[in-house]
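Examining the three-dimensional arrangement
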Amino acid sequence: MIELVNLTKTFGSGKTATTVLDDISFTVDAREILAVVGPSGAGKSTLARCLNLLERPTSGQVIVGGEDLTAMGAARLRDARRRIGTVFQSASLLSRRTAAENVALPLEYLGATKASTRARVGELLDRVGLLDKAGHYPHQLSGGQRQRVGIARALALTPSVLLSDEATSGLDPDSTETYLRLLTELRDDLRLAVVFITHEMDTVVRVADTVGRIDGGRIVEHGAITDLVLDPHSSLGRALRPRGP
Ligand code: ADP
Ligand code: MG
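For every chain, the first residue of its written sequence is number 1, and the numbers climb from 1 along that sequence. Following the order in which they are written, the chains are lettered starting with A and the ligands numbered starting with 1. With the structure being a predicted model, the display of local features is reserved for residues of pLDDT at least 70 and the display and counting of side-chain atom pairs for 80 or more, all residues being used for whole-chain, interface and lining totals.

1. Things to note about the sheet that holds strand β2 (residues 18-28)
- Any two strands are treated as partners once DSSP identifies two or more bridges connecting them. Strands here are runs of E lasting at least two residues and helices are runs of H or I lasting at least four, both read from the DSSP assignment and numbered beginning at the N terminus. Read across the open sheet, the four strands follow the order β2-β1-β4-β5; overall the sheet is antiparallel. Each end of this open sheet is capped by a strand with a single partner; those strands are β2 and β5 (67-68).
- Once C-beta atoms are placed from the backbone, any two residues with those atoms within 7 Å are in contact. Working convention: axes come from line fits to C-alpha atoms, limited for helices to the stretch in contact. Angles between N-to-C directions cover 0 to 180 degrees. Packing of helix α1 (residues 44-51) onto the sheet brings it into contact with β1 (2-11), β2 and β4 (59-64), and relative to β2 it is tilted by some 60°.

Set out below in structure tokens:
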């Protein structure tokens, strides 16, 4: 569903150039959750921003549903980017809009009718278990609820890829659990390809089908979670294996 081919991102030029992503390639299928883990500064957020083309990669391709987003002009790219829904750490909801109004935003931009927007927003809030919070403003919601409104908004334009960058960082264990359960439901029900970016190893075992470890802008390890856990030579496997009593 999503395919990265030799993705590179360099900021600046000449002597001050820094390569933040260095030749990254991987694929995520429909109905797969790839967890991308790595220390702070490894390049995870830059990867997220290149993946949804908020940031133009310096070279390489981002292919979604067989179409190369990096080869598109502005108009086609605007359409194609709808196939990728994104949730960030702070959920970035508009504070003066209710949960329902936040979820409605992408639909309004598209020029959907009021009636169809209302119906779709209801469906989306129901999906994330927050129908009863439709009229609440962000400050009246918990951190976990805000992240779920963020998911509902990310799903508004029926994407095939969902990108989550540190969305559970700072959430309490219960809210984290609810968020992770929602991700697996969306994977299964909507057949989404999910890229779940985190620095918290313990969340990974709960959701991921595959894991990629990024360090210094490179993918240094990548594989199915079951293979990694069984591999005695894998440092990711060691970090993922449950510790004995
Ligand atoms: P992570 O999300 O894994 O913590 P980031 O992708 O935010 O890492 O950052 C990776 C590196 O890229 C950092 O060293 C950061 O300073 C650098 N970086 C990120 N954005 C820019 C930018 N716009 N210009 C220059 N350097 C950047
Ligand atoms: Mg980050």
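That was the structure; now back to the text.
2. Things to note about helix α6 (residues 173-190)
- Helix span, expected: 1.5 Å multiplied by one less than the number of residues in the helix. Here α6 contains 18 residues, and its C-alpha end-to-end distance of 25 Å stays within 8% of the 26 Å for a straight helix at 1.5 Å per residue.
- Regarding α6, the residues found buried are Thr176, Tyr179, Leu180, Leu183, Leu186 and Arg187. One side of α6 holds all its buried residues, which, seen down the axis, span an arc of 120°. Turned more than 90 degrees away from the buried face of α6 sit Asp174, Asp188 and Asp189, all of them exposed.
- Packed against the buried residues of α6 are β3 (32-37), α5 (143-155), β7 (161-165), β8 (193-198) and α7 (201-207).
- A positive backbone phi angle near 55° is found at Arg191, which sits one or two residues after α6. Whether a residue is buried, exposed or partly exposed follows from its count of other C-beta atoms within 10 Å of its own C-beta, namely 20 or more, 12 or fewer, or something in between, respectively; the C-beta atoms are built from the backbone. The arc in question is traced by the directions running from the helix axis to the C-beta atoms.

3. Here's the deal with the sheet that holds β3
- Taken in spatial order, the six strands of this open sheet run β6-β7-β8-β3-β9-β10, and their pairing is mixed. Each edge of the open sheet is held by one strand with a lone partner, namely β6 (84-87) and β10 (218-224). Taking the axes of each pair of neighbouring strands and ignoring which way they run, one obtains an average angle of 15° across the sheet.
- Where β3 and strand β9 (residues 210-215) come together, four bridges link them in parallel fashion.

4. Describing the site of ligand 1
- We call a residue near a molecule or strand when its C-beta atom, built from the backbone, sits within 6 Å of it. Phe11, Thr18, Val20, Gly38, Ser40, Gly41, Ala42, Gly43, Lys44, Ser45 and Thr46 make up every residue found near ligand 1.
- Counting residues per element, the shell around ligand 1 draws most heavily on α1, at three residues.
- Taken together, the residues of the shell around ligand 1 break down into three nonpolar, seven polar and one charged. Three categories are distinguished: nonpolar for Ala, Val, Leu, Ile, Met, Phe, Trp, Tyr, Cys and Pro, charged for Asp, Glu, Lys and Arg, and polar for the others, with Gly belonging to the last.

5. Things to note about unusual backbone geometry
- Non-glycine residue Arg31 carries a positive phi angle of around 65°.
- With 16 C-beta atoms packed within 10 Å, Arg31 lands in the partly exposed category.
- We note that Leu53 has phi near 65°; this positive angle belongs to a residue other than glycine.
- The partly exposed category is assigned to Leu53, around which 18 C-beta atoms lie within 10 Å.

6. Considering the nonpolar core
- Each nonpolar core consists of buried Ala, Val, Leu, Ile, Met, Phe, Trp, Tyr and Cys residues. Their C-beta atoms, within 7 Å, join them into a set. Counting 64 residues, the largest nonpolar core has Ala35, Val103 and Phe196 as its most contacted members.
- Leaving out residues up to four positions away in the same chain, Val103 has contacts with Val121, Leu124, Leu125, Val149, Ala152, Arg153 and Ala156.

7. A look at the UniProt feature "domain: ABC transporter" (unreviewed entry) in the protein
- UniProt positions are given in the numbering used here, feature names are shortened, and annotations may be inferred rather than shown by experiment. Taking the numbering used here, the UniProt-annotated feature "domain: ABC transporter" (unreviewed entry) corresponds to residues 2-241.
- As annotated, residues 2-241 comprises 38% helix and 26% strand, and the C-alpha atoms at either end are separated by 28 Å.

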